[in-house]
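So the chains spell out like this:
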Amino acid sequence: MPNYRNIKEKLIELLLSTASITALLILIGIFVFLFITGIRTFTEISPTEFFLGNEWNPTAYGEPKWGILSLVIGTIIVTFGSLVIAIPLGIASAVYLSEIAKPKIRETIKPVIEMIAGIPSVVLGLIGILFLSPLIAKIFGLSSGLNAFTSSIIVGVMVLPTIISISEDVLTSLPNEFRESSLALGATKWQMIRMTLLPAALSGIVAAIMLGLGRAVGETMGVLMVAGNSRAMPISFFDPIRPMTANIAIEIKEVVKGSLHYEALFAIGLVLFVMTFVVNFISDIIIEKQVRKYKW
Amino acid sequence: MRYIYLIAVLFLVVVSVGCINQSRITGEVIKNIEDIEIKGSDTLLQLVSNSAEAYSEVNPTARISVTGGGSGGGIAALINGEIDIADASRPIKEKELKQAEERGIKPWEFIIARDMLSVTVNENNPISKLTVEQVSSIYKGEITNWKEVGGKDQKITLYGRQSTSGTYVFFMEEIVKGDYSAKMRNMEGNQAILDAVKQDQTGIGYVGIGYIVDEKGNHVSGIKIIKIAKDEDSVYVSPLEESKHSEYPLSRPLFQYLAKKPVKDSPIYNFLIFELSNEGQQIVKKSGFVPITADDMKYNEELLDKI
């Protein structure tokens, strides 16, 4: 039945293309919705007040304040802090798993690490609020452990599996000739890792970090529970913070649809979207460059 | 190929039978079960859940769902037309009334219990009494060290609720009478504030009385409840002294807002009457809160007479 086979081919093609177009349409739809709702904010709040005002207080006693600067800084601090913790730990474990660990050890550790990714962030938040934050308060002599530092650790733990498993995959997929030729030239194992493997895998490792960064920026629940959520501009790592995601999650519950506060929260969402978009865009460029450099 | 057709036909048959069944079942459900959706104040959450549970025992067909999320969240959901009753630990705001009216909703306000909002510190803090003005200055961030109110030389750490909370708004408008210090840590609920104050020697927080008193009237350990006076010349009253409740400056009514005028003998009406009955007020007491006063009852009855 050649005719029938043709129809089947066409049908499957149609099905697949519809699927991918649907995905595209959903993404465009989300962006348009976010944009249209968020942009209305600026008919009532000037962009300068919104982006440069450092006080956010829509339910103030007096005049409401609509500056998101301290929220943006909160997000940046917790993202930066979590990456400072997760990058060295993540890359080191990836190198250990792919180059040093015996196969048996790798087979046990890798699934365990991937299981961390499966822990719901609320659970990590609970551990943070009940166990980690009192501990941090004690160690550093603070009155309260609900601050940027504690949230960085919690988010760092969440980001870790992403960075480890992608970096490890990239390192493992490097051709064996790289290792053999390095060793043949008299390099030690450490020299081989440092001077051949890591540079060759850089693009993949950067991609892993960028994915982790995206997760850190967007993380909500775990952060909300341990960040302290103060509105004040954070000055140090031991100050409480109120990242954009936490702010949206907290306040969306009380807003009436269509009110200025509602639209302003969507505007924050739009800022968040643009931030992650830029991160992804930059990582794409980096990966592109690296791929061209190390074509094998 | 024939099999595929067969399967497709079978599938269609099963699905359509399922649909018919489904609609018949849901039809019956709507007839018998009295659904009431309640949402709002976290302060009221435990109390209203207890009332709903007791009411369901007497009326097995009643299905009442009670969720928290803050008074602001409850009132917003009421305005958005998502729920039947909003719990609130603060009166509805002018702005919210206007938004409700624009959407054709005229909320009905009933007082179902009273709260003695309690200011608490860590048990190791030597401070035991404050005036309303001192509490206000502390929360505005004007007083930042405990020694300024006669305590140790320690910085004060402020704990408060999120802006979605009715307690946050009530405390801001009635006690602080100004903006909270931006350094205040915003916690997710009454319990989170209590836990933080228990761990923090320098902390101060405010919670509904139901969260510090257990069924036997003992207050939870690890914290100290501050006596409050209206001004320096007034007596300092603890929220735990039942005989002096009328003098306590942080006494407040706890409300339920109905989305519309309730129909007599409708599930919502019956549940409301139950909450206001002697039995209902006993549950209020058991949950750690304070029964409504005679004046509150008079206010409620005047409204009920209009139904």
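What counts as what
- Residues numbered from 1 in each chain as written.
- Chains lettered and ligands numbered in written order.
- Predicted model: local features only at pLDDT ≥ 70, side-chain atom pairs only at ≥ 80, totals over all residues.
- Heavy atoms only, no water.
- pLDDT = per-residue confidence, 0-100.
- Helix = DSSP H or I, 4+ residues; strand = E, 2+ residues; numbered from the N terminus.
- Contact = heavy atoms within 4.5 Å.
- 1 Å grid on protein atoms, 1.4 Å probe; cavity = no way out; pocket = protein on both sides within 12 Å on 5 of 7 lines; lining within 4 Å.
- Points joined across faces, edges and corners; volume = space filled by probe spheres on them.
- Nonpolar A, V, L, I, M, F, W, Y, C, P; charged D, E, K, R; others polar.
- Buried area = accessible area lost by both parts, 1.4 Å probe.
- Salt bridge = Lys/Arg side-chain N within 4 Å of Asp/Glu carboxyl O.
- Buried < 20%, exposed > 50% of the residue type's maximum accessible area, 1.4 Å probe, protein only.
- Phe/Tyr/Trp six-rings, centres within 6.5 Å; stacked < 30°, edge-to-face > 60°.
- Lys NZ or Arg CZ within 6 Å of the ring centre and 35° of its normal.
- Pairing = 2+ DSSP bridges.
- Axes fitted to C-alpha atoms, helices over the stretch in contact; angles between N-to-C directions.
- Patch = residues over 30% accessible without salt bridge, like charges linked within 9 Å, V, L, I, M, F, W, Y side chains within 5 Å.
- Areas by Shrake-Rupley, 256 points an atom, 1.4 Å probe, with all protein chains shown as cover.
- Domains from an automatic or database assignment.
- Polar contact = N/O pair within 3.5 Å; in protein donor to acceptor, adjacent residues only side chain to side chain.

*Asks:* Got a minute to help me understand the confidence of the model for chain A in this structure?
*Replies:* Predicted coordinates in areas of low pLDDT are best not read in detail. Residue-level pLDDT values for chain A average 90, and 97% of them are 70 or greater. Across chain A, element-level confidence peaks in helix H3 (residues 69-100) of chain A with a mean pLDDT of 95 and bottoms out in helix H11 (residues 260-293) of chain A with 85.

*Asks:* Hey, could you run me through the environment of Ile92(B) in this one?
*Replies:* Among the secondary structure elements, Ile92(B) is positioned in the loop between strand S3 (85-88) and helix H4 (94-102). When neighbours within four sequence positions are excluded, Ile92(B) is seen to be in contact with Ile75(B), Leu97(B), Pro107(B) and Tyr257(B).

*Asks:* Hey, could you run me through empty space enclosed by the protein in this one?
*Replies:* The rolling of a water-molecule-sized probe over the atoms marks out the regions of remaining empty space. A full pass over the atoms with the stated rule returns three cavities of 30 Å³ or more. The volume enclosed by the largest cavity comes to roughly 60 Å³. The wall of the largest cavity is formed by Asn57(A), Pro58(A), Thr59(A), Arg231(A), Arg242(A), Glu251(A), Gln162(B), Ser163(B), Tyr168(B) and Asn186(B). Looking at the lining of the largest cavity, its residues break down into two nonpolar, five polar and three charged.

*Asks:* Any chance you could explain the interface of chain A and chain B here in plain terms?
*Replies:* For an interface, size is often stated in terms of accessible area lost upon the parts coming together. Each partner contributes residues to the interface: chain A has 29 residues there, and chain B has 34 residues. Taking both partners together, chain A and chain B bury about 2600 Å²; carbon and sulfur atoms supply 48% of that area. Considering only the surface of chain A that becomes buried against chain B, Tyr61(A), Lys253(A) and Val256(A) emerge as the three largest contributors, covering 25% of it. Here chain A is connected to chain B by three salt bridges. Here Glu188(B) and Lys253(A) are joined by a salt bridge, their closest N and O atoms 3.8 Å apart.

*Asks:* I would appreciate a short explanation of the confidence of the model for chain B in the present structure.
*Replies:* All names here are of chain B. Across chain B, pLDDT averages 87, with 88% of residues at or above 70. Predicted confidence is poor over residues 17-32, with pLDDT under 50, and the contacts of this stretch with residues over four places away or in other chains come to one contact. Here the prediction assigns the complex a pTM of 0.81, and the interface score ipTM is 0.79.

*Asks:* What's the story with helix H10 (residues 244-251) of chain A in this structure? I'm lost.
*Replies:* Since there are 3.6 residues in each turn of an α-helix, residues three or four apart along the chain are aligned in direction. Burial within H10(A) is extensive, with seven of its eight residues counted as buried. Every buried residue of H10(A) is listed here: Met244(A), Thr245(A), Ala246(A), Asn247(A), Ile248(A), Ile250(A) and Glu251(A).

*Asks:* How should the packing of aromatic side chains be read in this particular structure?
*Replies:* Any aromatic ring pair is given by two values, namely how distant the centres are and how the planes are angled relative to each other. Residue and element names in this part refer to chain B. The final tally for this structure, using the stated rule, is 21 aromatic pairs over all chains. Taking 5.3 Å as the distance between ring centres and 70° as the angle between the ring planes, the aromatic pair formed by Tyr55 and Phe271 counts as edge-to-face. Linking Tyr55 in helix H2 (residues 42-58) with Phe271 in helix H8 (residues 267-276), this pair joins segments that are 216 residues apart in sequence. When its relative accessible area of 5% is taken as the criterion, Tyr55 is described as buried. What makes Phe271 buried here is its relative accessible area of 0%. Linked through ring pairs, Tyr139, Tyr168, Phe171, Tyr180 and Tyr206 together constitute an aromatic cluster. Over the ring of Phe170 we find Arg252; its NZ or CZ atom is 5.3 Å from the centre of that ring.

*Asks:* What is the right way to read the pairing of strand S9 (residues 203-207) of chain B from this model?
*Replies:* Residues in a regular strand point their side chains to alternate faces of the sheet. Residues and elements named next belong to chain B. Extensive coverage of S9 is indicated by the burial of five of its five residues. Residues Gly203, Gly205 and Val207 point to one face of S9 and Ile204 and Tyr206 to the other, with burial holding for every one of them. Summarising the sheet, strand S5 (residues 118-122) and S9 pair through four bridges and their orientation is antiparallel. Of the residues in S9, the one forming a bridge with Val119 is Tyr206.

*Asks:* What is the right way to look at the sheet that holds strand S8 (residues 185-187) of chain B in this model?
*Replies:* Strand pairing in a sheet relies on backbone hydrogen bonds, with the paired strands running either antiparallel or parallel. All names here are of chain B. The five strands are arranged S8-S7-S9-S5-S10 in an open sheet whose pairing can be described as mixed. Strand pairing shows two members of the sheet lacking a second neighbour, S8 and strand S10 (223-225), which therefore form its edges. Mean inter-strand twist for the sheet, computed between neighbouring axes without regard to direction, equals 30°. Examined bridge by bridge, strand S7 (residues 157-161) and S9 share two bridges and lie parallel to one another. Considered in S9, the bridge of Thr157 is made with Gly203. Its contacts with the sheet put helix H6 (residues 166-176) on S5, S7, S8 and S9, and the angle it makes with S9 is roughly 110°. Along the sheet, helix H7 (residues 190-199) makes contact with S5, S7, S8, S9 and S10, crossing S9 at roughly 155°.

*Asks:* How should a nonpolar patch on the surface be read in this particular structure?
*Replies:* Residues and elements named next belong to chain A. Side chains of Ile21, Leu24, Leu25, Ile28, Phe31, Val32, Phe35, Ile36 and Ile39 sit close together on the surface and give an oily, nonpolar patch of about 790 Å² of accessible area. Mapped onto the elements of the fold, Ile36 is located in helix H1 (residues 2-39). Overall, the relative accessible area of 44% leaves Ile36 in the partly exposed class.

*Asks:* Just checking my understanding: could you explain the domain arrangement of chain B for this structure?
*Replies:* Residues and elements named next belong to chain B. As assigned here, chain B comprises domain 1 (13-115 + 253-304) and domain 2 (118-247). Each of domain 1 and domain 2 has a C-alpha centre, and the two are 29 Å apart. Counting residues at the interface gives 17 residues for domain 1, matched by 17 residues for domain 2. By the criterion of area lost to domain 2, the three top residues of domain 1 are Asp42, Thr43 and Gly288, representing 30% of everything that side buries. For the pair domain 1 and domain 2, the interface holds nine residue pairs in polar contact (both at pLDDT 80 or more). Secondary structure elements with two or more residues in the side of domain 1 that touches domain 2: H2, helix H3 (71-79) and helix H9 (278-286). It is H3 that contributes the most residues to the side of domain 1 that touches domain 2, three residues altogether. Classifying every residue of the side of domain 1 that touches domain 2 by side-chain character gives two nonpolar, nine polar and six charged.

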